[in-house]
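Notes for the structure review
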Amino acid sequence: MNRFLVNKLTDRVTQITDPANVFCFLVQGTDAAVLIDTGTGLKGLRKLVEELTDLPVSVVLTHGHGDHAGGVGEWPKVYLHPADRGMIGEHGMEMRMGYAAAMMGPDANLTEEMFVPVPGADTEIADLFDGQIFPLGEAELEVVQVPGHTRGSCCMLLRVERSILYGDACNVNTLVSGEESTTISEYRQSLLRLKTFDDAYDTVYYSHGAPVGPRQCLEDNIELCDRILAGTDDAVPDNFLGRTAFRAAKMDGQYRRLDGKFGNIVYSERTKK
């Protein structure tokens, strides 16, 4: 059985780390729960969630990339923004195994049997939309769409705890470089809208790296968008998972910016406008 790590962050929020070091989050209220993301699809996540809660669980995806939507096939129904629906088929077994192998190293000895199969017709992909509310009882989870990393990327706001999950929408290695990404101008507008929720949260959860990080990531990435559009960013040549691109701010080998700031953006020739 694949080994998942469990870290209870608050009374309501539990971080689940899959073996490829991608975070999922289980948010529990008094009447219902929501699992945010399903990792790379290494088997065992559903069984673990059923051990962690007796509440009915809705499964919500921050976006459609295979390291977050890989385990969809374990569930009868998941919610995903329609703009990312096509990735469920595109990011199949080969992509998920390749990502997991890159994260886990050659000693992992990964086989297809260790992964959840690509979802079939028996898995319902329901539409997720901006402003959607998932009632949990005494609390609710609110969806905030933030197109950029992908066109369907969403953040998850838990107002009762004054916390938000940025997912991959805004982090130390925000990839706005693929065919599924928006332009930097569009991403900047998304971040400015996300900023209008500033008064609703204090704590920020991330899907990679450290699970809890500083709020300044949003301000940093807005600033970097401005620098990219002005042509004044560091424009460091970058190759991430086979994509030739540019990193907006110089960093060290631990994804730490050399200027001491936090957020960072990777963009391509296509997306830099």
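Please refer to the structure higher up on the page.
Residues numbered from 1 in each chain as written. Predicted model: local features only at pLDDT ≥ 70, side-chain atom pairs only at ≥ 80, totals over all residues. Heavy atoms only, no water.

Considerations on the side chain of Q145
- Mapped onto the elements of the fold, Q145 is located in strand β9 (residues 140-145).
- On the basis of relative accessible area, Q145 is assigned to the buried category, the value being 19%.
- Within polar-contact distance, the side chain of Q145 engages the backbone oxygen of R151 at 3.0 Å.
- Every residue in contact with Q145, bar those within four places of it in the chain, is listed here: H81, D130, R151, G152, S153, C154 and R193. (Helix = DSSP H or I, 4+ residues; strand = E, 2+ residues; numbered from the N terminus. Buried < 20%, exposed > 50% of the residue type's maximum accessible area, 1.4 Å probe, protein only. Polar contact = N/O pair within 3.5 Å; in protein donor to acceptor, adjacent residues only side chain to side chain. Contact = heavy atoms within 4.5 Å.)

Side note on the pairing of strand β13 (residues 203-206)
- Sheet topology note: the strand β11 (residues 163-167)/β13 ladder contains four bridges and is parallel. Paired with S163 across the two strands is T203, which belongs to β13.
- Where β13 and strand β14 (residues 212-213) come together, two bridges link them in antiparallel fashion. Bridge assignment links V204 to a residue of β14, and that residue is G213.
- Once β13 ends, the chain turns through five residues before running back antiparallel as β14, passing G209 with a positive phi of about 80 degrees. (Pairing = 2+ DSSP bridges.)

Notes on the sheet that holds strand β12 (residues 174-176)
- Pairing is mixed across the open sheet formed by four strands, whose spatial order is β12-β17-β16-β15. Each end of this open sheet is capped by a strand with a single partner; those strands are β12 and β15 (236-240). Shown here is a sheet whose adjacent strand axes are inclined to one another by a mean of 35 degrees, direction ignored.
- The sheet contact formed by strand β16 (residues 243-247) and strand β17 (residues 265-267) spans two bridges and is antiparallel. Within the sheet, the bridge partner assigned to F246 lies in β17 and is Y267.
- In the packing of helix α6 (residues 216-230) onto the sheet, the strands contacted are β12 and β17, and the crossing angle to β17 comes to about 35 degrees. (Axes fitted to C-alpha atoms, helices over the stretch in contact; angles between N-to-C directions.)

Section: the sheet that holds β11
- Strand order in the open sheet formed by six strands is β8-β9-β10-β11-β13-β14, and the pairing between neighbours is mixed. Pairing within the sheet leaves two strands with one partner each, and these edge strands are β8 (133-135) and β14.
- Of the strand pairs in this sheet, β9 and strand β10 (residues 154-158) are connected by four bridges, and their pairing is antiparallel. Following the sheet pairing, V144 is matched in β10 by C155.
- The sheet strands contacting helix α5 (residues 184-195) are β9, β10 and β11, and the helix crosses β9 at an angle near 150 degrees.

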